[in-house]
Structure formats: structure tokens, C-alpha cells
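Listed here are the chains, written in short residue letters.
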Amino acid sequence: MEIFKGTMNQLDALVDLELELWPHDTRDQLLEKTQEQLHSADHVFYMIKQERSFIAFIHTSIRKGYVERAAASPTGYIEGIYVKPDFRRKGVAQNLVEAAELWAKAKGCKQIGSDTELSNQPGYSFHIEAGFHEANRTISFIKDL
């Protein structure tokens, strides 16, 4: 397995993985957003390739505003992490988190945050196993006007 920083050269492969994580987004939305983020110094994507296939990615950002329970700003933030099902529970995600942590430290961050939906039990378990502790539980609401 090979881990490396994603660039515009991997944009299509990266968006393919993002669509697996966020199936309600459109390809065009993700292409536009990811392209902008690849050009930003406050975002990084790490990807893992096994043989000739991309199997995982992590998107990490630097958040300069409020992050739940963070002691200081800026804070690294895992915006998304995805590992194809056949490669889960094999240390792939942990390797991605370690790369994200090193990047955030190099950017001056003392902490890294993340979130998951309350209904995402595998996501919750992953975070606990990766050394995160729960900072808060929130439920979001919306009302049409």
C-alpha cells in the first residue's frame, strides 16, 4: 500500500471515493469543491493506493474558528475519511489519521477534531479506536419556511 498527498492528478479518483462516502452529493458539486480545496493551503487530501486501485482517502482542514471543545485555534479537522469495505479493519484508516495528524502539527495545530452522525455507529467506533474522545453530542434541526 502506498500513501501520498492527493493532487489535481488524482481529482477524478478522489471524487469517486468521495461519492462513496457522500452519495447524496453530485459528481459536479464534489469536483468543483474538491478542486478548490486541492488549491488551498488549509486543506489536504491523503490517499492510499493498493496496486492500481485507490482504496481510501482522508480530507483534513485547518479550522481557524470555533471547533467543539478545542482548547485553541487553529485546529486540524478531519472533514471526511473513507476506506473501501474490503480494506477496513486493516490499519488503513489509522495510517491516514496519522498522516493528517502530522500535517496538522506542521501547520501549528495542537489538536485535531472530527465528527460523525449519531446514527453512524461504525464511524463512532472508528473515532474511539483512533484515540479521539467524545466532545459533545448534537442533533441538528431544520424547518422549511
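Residues numbered from 1 in each chain as written. Predicted model: local features only at pLDDT ≥ 70, side-chain atom pairs only at ≥ 80, totals over all residues. Heavy atoms only, no water.

1. Comments concerning the sheet that holds strand S3 (residues 53–63)
Through backbone hydrogen bonds, the strands of a sheet pair up, either in parallel or in antiparallel fashion.
No. 1: Taken together, the 5 strands give an open sheet; going across it, the order is S1-S2-S3-S4-S5, and neighbouring strands pair in mixed fashion. Each end of this open sheet is capped by a strand with a single partner; those strands are strand S1 (2–5) and strand S5 (112–113).
No. 2: As judged from the 8 bridges shared by strand S2 (residues 43–50) and S3, these two strands associate in the antiparallel manner. Within the sheet, the bridge partner assigned to Phe-45 lies in S3 and is His-59.
No. 3: In the packing of helix H3 (residues 92–106) onto the sheet, the strands contacted are S1, S2, S3, strand S4 (75–83) and S5, and the crossing angle to S3 comes to about 30°. (Pairing = 2+ DSSP bridges. Helix = DSSP H or I, 4+ residues; strand = E, 2+ residues; numbered from the N terminus. Contact = heavy atoms within 4.5 Å. Axes fitted to C-alpha atoms, helices over the stretch in contact; angles between N-to-C directions.)

2. Looking at the pattern of salt bridges
No. 1: Under the defined criterion, the tally for this structure stands at 7 salt bridges.
No. 2: Asp-12 is paired through a salt bridge with Arg-27; the nearest N and O atoms lie 3.7 Å apart. Here Asp-12, found in helix H1 (residues 11–21), pairs with Arg-27, found in helix H2 (residues 27–38); they are 15 residues apart in sequence, far enough to count as distant.
No. 3: Classification of Asp-12 by relative accessible area gives partly exposed; the value is 48%.
No. 4: With a relative accessible area of 31%, Arg-27 lands in the partly exposed category.
No. 5: For Asp-42, the salt bridge goes to Lys-64, with nearest N and O atoms at 3.0 Å. Pair noted here: Asp-42 is in the loop between H2 and S2 and Lys-64 is in the loop between S3 and S4, with a separation of 22 residues, a long-range link.
No. 6: Judged by relative accessible area, which is 25%, Asp-42 ranks as partly exposed.
No. 7: Several salt bridges converge on common partners, so that one network encompasses Asp-12, Asp-16 and Arg-27. (Salt bridge = Lys/Arg side-chain N within 4 Å of Asp/Glu carboxyl O. Buried < 20%, exposed > 50% of the residue type's maximum accessible area, 1.4 Å probe, protein only.)

3. What to know about the nonpolar core
No. 1: Core analysis: the biggest nonpolar cluster contains 23 residues, and Tyr-46, Ala-56, Ile-58, Ile-78, Ile-81, Leu-96 and Val-97 have the highest contact counts within it.
No. 2: Of all the elements in the fold, those that place two or more residues in this core are S2, S3, S4 and H3.
No. 3: With 8 residues, the top contributor of residues to this core is H3.
No. 4: Residue contacts for Val-97: discarding those within four places in its chain leaves Ile-58, Ile-78, Ile-81, Phe-126 and Phe-132.
No. 5: Core analysis: the next-biggest nonpolar cluster, separate from the first, contains 14 residues, Phe-4, Leu-14, Val-15 and Leu-31 among them. (Core = buried A, V, L, I, M, F, W, Y, C linked by side-chain atoms within 4.5 Å.)

Distances and angles like these do not, on their own, reveal function.
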